[in-house]
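Survey of secondary and tertiary structure
Given next are the chains, with one letter for each unit.
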Amino acid sequence: MSMHLEVENLYLYYKTLKGIVKAVDGVSFQLKRGEAMALIGESGCGKSSLSRAILRLLPRNTYKYEGVIKLDGENVMEYSDEKFRRDIRWVKISYVPQAAMNALNPVIKVGDQIAEPLIIHTNTSKEEALEKAAKMLDIVNIPADFINRYPFELSGGMRQRVAIAMALVTDPELVIMDEPTSALDVLTQANIMNEMKDIRKKMNLTLIYITHDISVSSELADKVAVMYAGEIVEFSDAESFFKEPSHPYSKLLLYSVPTLRVDREPIYIKGQPPSLIDPPTGCRFKDRCPYRFEKCEEKPPTVSTNGGFAKCWLLEKR
Ligand SMILES: Nc1ncnc2c1ncn2[C@@H]1O[C@H](COP(=O)(O)OP(=O)(O)O)[C@@H](O)[C@H]1O
Ligand code: SF4
Ligand SMILES: [Mg+2]
């Protein structure tokens, strides 16, 4: 099957008073249609920036934005802003922003709110859009009579479902969800994750699911991308990844999750992620890596692994 989304050497740098922030620093990965990718990594590693780069939602202080983003083989980076807005954003690629459930408009009813993206981004009448909104409520497991309620009358889980419905109402092909459940209790998280499993099958969605919680993603993901300091340090099919990740950072992330199944103490990753203004030369993980050796002063190669690729000198074929 040909690729649905191909990201090649994508960069997004920001200009600040302290220097240039290299938030997305040469990122590449590919997804087939219908695949779900978990994008994981500690806070501040560039996950939200990568989603903004794919959606071309750029802040004013953007310093460098370049690379290739292909949808079904077509490089949409070449589109004008006008064409990208008309044909791509919210139409083909949709988004549930971080903390979306707190960004709903308090004075607009749930149904009108879900209908809004359809009315704004496609040529749909208000009547039709409201009909579609009612269908979306059903899909995201919200009772039909909630259509006339206001966001403040809803629980956090319900508001998050509304935000998801808003992203799905335009029938997008690709949806990026930025930490969609991290503010919710564990049970609600699990419920929404389960619902997403059904929804993505039903709608044949390609999904990028951003989370700092690796355990949440294991159920949903076909692919896993691990981000560290602006780079994807490992990209793998989920099965190989959860069996045995290749990159030292991925291993530490995985072993830092407490588990009931295996009798071992969780390991904590020492230290802090580096600044993205002046990231370490060579391997960016070297100051925290238990396997560091002389070679790590140089930029690690991208090496093929069982599940995909990883960037680490230890994996270099001798
Ligand atoms: N508009 C901006 N201007 C300057 N720095 C930014 C901006 N947005 C994010 N950053 C910085 O970019 C880095 C990556 O942030 P972000 O993409 O939000 O990471 P994550 O989503 O993984 O937590 C962080 O150091 C953050 O402070
Ligand atoms: S390149 Fe070196 S420092 Fe970096 S992850 Fe691999 S072993 Fe650790
Ligand atoms: Mg973020």
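From a predicted model like this one, the values you see are computed outputs, not experimental measurements.

A closer look at the overall build of the chain
When its secondary structure is counted, the chain shows 9 helices and 12 strands. In terms of overall size, the chain behaves like a compact globule, its C-alpha atoms giving a radius of gyration of 20 Å where 318 residues would be expected to give roughly 20 Å. Across its three principal directions, the C-alpha atoms of the chain cover 65 × 50 × 45 Å. Burial status across the chain gives 52% buried among its 318 residues. Residue pairs in contact within the chain that sit at least 24 positions apart in sequence constitute 64% of those at least 6 positions apart. Summed over all atoms, the accessible surface of the chain reaches about 15,600 Å², with 50% contributed by carbon and sulfur.

Remarks on the nonpolar core
Ranked by internal contacts, the top residues of the largest apolar core, which has 59 residues, are Leu5, Leu10, Phe29, Leu50, Ile54, Ile208 and Ile232. The biggest single contributor to this core is strand β2 (residues 19–32), with 6 residues. Residues contacting Ile232, with those up to four places away along its chain left out, are Val27, Ser28, Phe29, Leu50, Ala225, Val226, Met227, Phe309 and Lys311. One finds Leu104, Leu137, Val175 and Leu220 within the second-largest nonpolar core, a separate group that totals 38 residues.

Quick look at the coordination of the magnesium ion (ligand 3)
Ligation of the magnesium ion (ligand 3) by protein atoms is provided by Ser48 (OG) and Gln98 (OE1), these donors lying 2.1 to 2.4 Å from the ion. In this pair, Ser48 is assigned in helix α1 (residues 47–55) and Gln98 in the loop between β6 (93–96) and α3 (110–121), connecting sequence segments 50 residues apart.

Observations regarding the site of ligand 2
The immediate surroundings of ligand 2 are formed by His247, Pro248, Cys283, Phe285, Lys286, Cys289, Tyr291, Cys296, Cys312, Trp313 and Leu314. The cavity that encloses ligand 2 is the largest cavity. Partitioned by chemical class, the residues of the shell around ligand 2 number 9 nonpolar, 1 polar and 1 charged.

Some words on the site of ligand 1
If you check the shell around ligand 1, you find 16 residues, and the closest are Gly44, Lys47, Ser48, Ser49 and Asn61. Contact distances for ligand 1 include 2.7 Å between a nitrogen atom and a side-chain N or O atom of Asn61. Burial of ligand 1 by the surrounding chains reaches 70%, relative to a free accessible area of 560 Å². With 4 residues, α1 is the single largest residue contributor to the shell around ligand 1. Residue composition of the shell around ligand 1, grouped by class: 6 nonpolar, 7 polar and 3 charged.

Regarding helix α9 (residues 248–255)
Burial of α9 is extensive: 7 of the 8 residues sit out of reach of the surface. Turning to α9, its buried residues number three or more, namely Pro248, Tyr249, Ser250, Lys251, Leu252, Leu253 and Leu254.

Side note on empty space enclosed by the protein
Empty space among the atoms can be located by rolling a probe the size of a water molecule over them. In the structure shown here, the tally under the stated rule is 2 cavities of 30 Å³ or more. Surrounding the largest cavity, 14 residues form its lining, Cys283, Cys289, Arg292, Cys296 and Cys312 being those nearest its centre. Considering only residue class, the lining of the largest cavity consists of 11 nonpolar, 1 polar and 2 charged. If you add up the space inside the second largest cavity, you get close to 50 Å³. As for the second largest cavity, its lining consists of Tyr228, Glu231, Val233, His247, Cys283, Arg284, Phe285, Pro300 and Lys311. Along the lines of polarity and charge, the residues of the lining of the second largest cavity split into 5 nonpolar, 1 polar and 3 charged.

About the cut-offs
Residues numbered from 1 in each chain as written. Chains lettered and ligands numbered in written order. Predicted model: local features only at pLDDT ≥ 70, side-chain atom pairs only at ≥ 80, totals over all residues. Heavy atoms only, no water. Helix = DSSP H or I, 4+ residues; strand = E, 2+ residues; numbered from the N terminus. Rg over C-alpha atoms; globule rule 2.2 N^0.38 Å. Buried < 20%, exposed > 50% of the residue type's maximum accessible area, 1.4 Å probe, protein only. Contact = heavy atoms within 4.5 Å. Areas by Shrake-Rupley, 256 points an atom, 1.4 Å probe, with all protein chains shown as cover. Core = buried A, V, L, I, M, F, W, Y, C linked by side-chain atoms within 4.5 Å. Donors = N, O, S within 2.8 Å, 3.2 Å for Na, K, Ca; no water. Near = heavy atom within 4 Å. 1 Å grid on protein atoms, 1.4 Å probe; cavity = no way out; pocket = protein on both sides within 12 Å on 5 of 7 lines; lining within 4 Å. Sits in = over half its atoms within 2 Å of the grid points. Nonpolar A, V, L, I, M, F, W, Y, C, P; charged D, E, K, R; others polar. Polar contact = N/O pair within 3.5 Å; in protein donor to acceptor, adjacent residues only side chain to side chain. Points joined across faces, edges and corners; volume = space filled by probe spheres on them.

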